[in-house]
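Examining the three-dimensional arrangement
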Amino acid sequence: MTAESPTPLVYLGLPAEMTRAGTKAAATGPTIYRTAGGLVADALAAEPAEPQWRRVAPSADAPAEAVSAEDGLAAAIRMGPVMVPLDTHAAIAYGVRAGLLELAPEDASGPVRIALRGPGTLGVGCAVAPDRDEEEPDDAQRVLYGWYLGMPLVHKVSVPGYYGGKAPDEPDPALPAMCCYLTGTVDEAAPSSPVREVPTPDGMRTLCSHQNTTDRHPGAQPHNNFGFFVIRGPKGTEDNVRVRPAPPNSIPAEPLAYEMRLNGRWTGLNNHLVIEHGVATGHLALEPLEYGGQMWTSFPGRTQLAIDCEPTGIVEIDAGRRLTQGTLDIKKADMELMGHRRNSPVAPGARRIEVSCAGLEFLPSRIHVRAGEDVAVALTATDVMHNLEIEELGFYVQADAGETALGGLRADEPGTYPFHCSLMAHRAAGMTGTLVVGP
């Protein structure tokens with residue numbers, strides 16, 4: 001292994017290099033994941049450390065369309081409408097917890113040092129641990145068009161006229177601040193923010209359709225939003241920065257950047273560290289957004305996968321020191337981020353029917369109701385997350401592991417209706433049942 005490893009190594013989307021330490025390591029070091037796209041480290045190692053090696057492969061239960069793989073190694077996973085490259089350890093952790101990926105150990109190769117390539121001021125130490133958000137934004141006002149550390153993010157606009165010049169002239173000192181980097185469409189499959197008409201001193205102009213990449217996730221609370229357009233910098237060329245054209249009479253007038261070449265490969269600008277790396281090297285430039293406001297930023301769900309970055313090698317911007325924080329939903333991955341819907345509403349006074357899930361079986365697997373009767377299906381998942389879906393009736397209820405969830409059901413016509421669990425490969429494994437509707 002040399003400083004110029006033939007296999008690309010990245011840390012949080014940034015190019016890194018790995019060298020043999022040459023001495024015995026005193027302690028276990030970072031985990032290095034081998035993916036189809038290269039190697040991914042979960043930490044830096046300035047001192048000699050013995051890394052743990054893991055191969056990242058698709059889970060045997062993962063749907064084929066949910067994982068991109070090559071030669072048995074995973075390259076990307078589906079999160080919502082987009083495929084997310086496995087170039088951060090947080091994305092890999094998400095895939096493992098969501099049942100899309102599985103890890104296998106590899107033989108150790110001796111102590112190594114791992115350092116970032118590029119400006120020395122760029123770098124963070126990042127650990128993954130459980131956390132909890134106290135409350136969430138209103139679902140009706142969510143838009144999926146943002147990114148945090150390469151993973152999909154949802155925003156809620158909390159001030160009318162956002163991007164319209166009606167936001168407070170001064171930020172609220174009681175609220176946390178967040179930088180929002182407006183890039184070109186990072187992934188064509190992900191919804192971008194709509195094109196808007198905004199007022200300027202010279203009259204109304206068109207705000208480019210864009211996606212946001214945030215520099216932190218302050219949790220489910222309002223925050224001051226400071227926006228920056230990401231464009232080519234003085235060293236940016238067609239060979240190292242890709243851009244999308246701007247419409248006539250738009251803000252900004254220059255095309256928005258959406259990809260940058262790092263370590264010999266094109267990397268999407270869905271990670272603020274990658275953007276800041278590009279700014280520090282002169283490949284990218286930032287143009288302040290004239291209009292902003294207050295927003296909510298949240299990953300949906302209650303139980304979270306937190307990304308808490310330690311103040312070691314902190315990113316320094318304008319001599320300021322910042323601690324990056326974030327949360328990623330792992331509990332409702334299939335329901336919110338992977339396209340499933342919320343539990344069916346329960347009508348007042350509905351009769352309660354208990355259904356439990358153990359292994360890949362419904363107990364009972366045959367449910368009896370009367371036509372026109374309102375019932376509340378109480379679904380208990382005793383081992384892992386399960387749901388009960390009746391496609392013909394538009395019914396859906398999902399329960400997290402160890403919890404009971406309610407879904408409202410009403411069938412107006414007598415007959416039999418099949419139901420199943422639609423998570424992962426549960427239906428194919430025989431997790432099915434029948435609803436019998438009598439007169």
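Residues numbered from 1 in each chain as written. Predicted model: local features only at pLDDT ≥ 70, side-chain atom pairs only at ≥ 80, totals over all residues. Heavy atoms only, no water.

Details of the nonpolar core
In this structure, Leu 101 and Ile 114 are the most contacted members of the largest nonpolar core, which totals 53 residues. Contacts of Ile 114, omitting those with residues within four sequence positions, involve Leu 9, Ala 16, Glu 17, Met 18, Pro 30, Ile 32, Ala 41, Ala 43, Leu 44, Ala 45 and Ala 46. By size, the runner-up hydrophobic cluster in this structure holds 26 residues, among which are Leu 388, Val 397, Tyr 417 and Val 437. (Core = buried A, V, L, I, M, F, W, Y, C linked by side-chain atoms within 4.5 Å. Buried < 20%, exposed > 50% of the residue type's maximum accessible area, 1.4 Å probe, protein only. Contact = heavy atoms within 4.5 Å.)

Details of the confidence of the model for the chain
The pLDDT averaged across the chain works out to 76; a share of 71% of its residues lies at or above 70. Highest mean pLDDT in the chain belongs to strand β19 (residues 241-244) (96); lowest belongs to strand β27 (residues 320-321) (34). Counting contacts from residues 300-306, a segment whose pLDDT is below 50, to residues more than four positions away or on other chains yields 49 contacts. Counting contacts from residues 327-340, a segment whose pLDDT is below 50, to residues more than four positions away or on other chains yields 62 contacts. (pLDDT = per-residue confidence, 0-100. Helix = DSSP H or I, 4+ residues; strand = E, 2+ residues; numbered from the N terminus.)

Regarding the packing of aromatic side chains
A complete count under the given rule lists two aromatic pairs for this structure. Where Tyr 181 meets Phe 228, the ring centres are 6.2 Å apart and the plane angle is 35°; that geometry is what we call tilted. Note that Tyr 181 is positioned in strand β14 (residues 177-183) and Phe 228 in strand β18 (residues 223-232), a separation of 47 residues in sequence. By relative accessible area, Tyr 181 is classed as buried at 4%. Using a relative accessible area of 21% as the deciding quantity, one classes Phe 228 as partly exposed. On the basis of an interplanar angle of 75° and a centroid distance of 5.2 Å, the ring pair of Phe 362 and Phe 419 is categorised as edge-to-face. Taken as a pair, Phe 362 in strand β30 (residues 361-363) and Phe 419 in strand β36 (residues 415-420) lie far apart in primary sequence, 57 residues in all. Neither residue differs from the other here; Phe 362 and Phe 419 are each classed as buried. (Phe/Tyr/Trp six-rings, centres within 6.5 Å; stacked < 30°, edge-to-face > 60°.)

Quick look at the sheet that holds strand β8 (residues 82-85)
Backbone-to-backbone hydrogen bonds pair the strands of a sheet. The strands run either parallel or antiparallel. A sheet is described by the order of its strands in space; here three strands give the open sequence β6-β7-β8, paired in antiparallel fashion. Two strands in the sheet have a free side with no partner beyond their single neighbour: β6 (67-70) and β8. Within this sheet the neighbouring strands show an average axis-to-axis angle of 25°, counted without direction. Sheet contacts for helix α1 (residues 89-97): β7 (73-79) and β8; angle to β7, the most-contacted strand, approximately 80°. (Pairing = 2+ DSSP bridges. Axes fitted to C-alpha atoms, helices over the stretch in contact; angles between N-to-C directions.)

Topic: the pairing of strand β29 (residues 351-358)
Relative to strand β32 (residues 374-381), β29 is paired through seven bridges, and the arrangement is parallel. In the strand pairing of β32, Cys 357 is matched with Ala 381. Bridging between β29 and β30 involves three bridges; their strand directions are antiparallel. Counterpart to Cys 357 in the pairing with β30 is Phe 362. Taking the residues between adjacent antiparallel strands as the criterion, β29 and β30 are bridged by two residues, where Gly 359 takes a positive phi near 65°.

A closer look at the pairing of strand β4 (residues 38-41)
Relative to β4, strand β1 (residues 9-11) is paired through two bridges, and the arrangement is parallel. Counted as the bridge partner of Leu 9 is Leu 39 from β4. The pairing of strand β3 (residues 28-35) with β4 spans four bridges and is antiparallel. Note on β4: the bridge partner recorded for Tyr 33 is Val 40.

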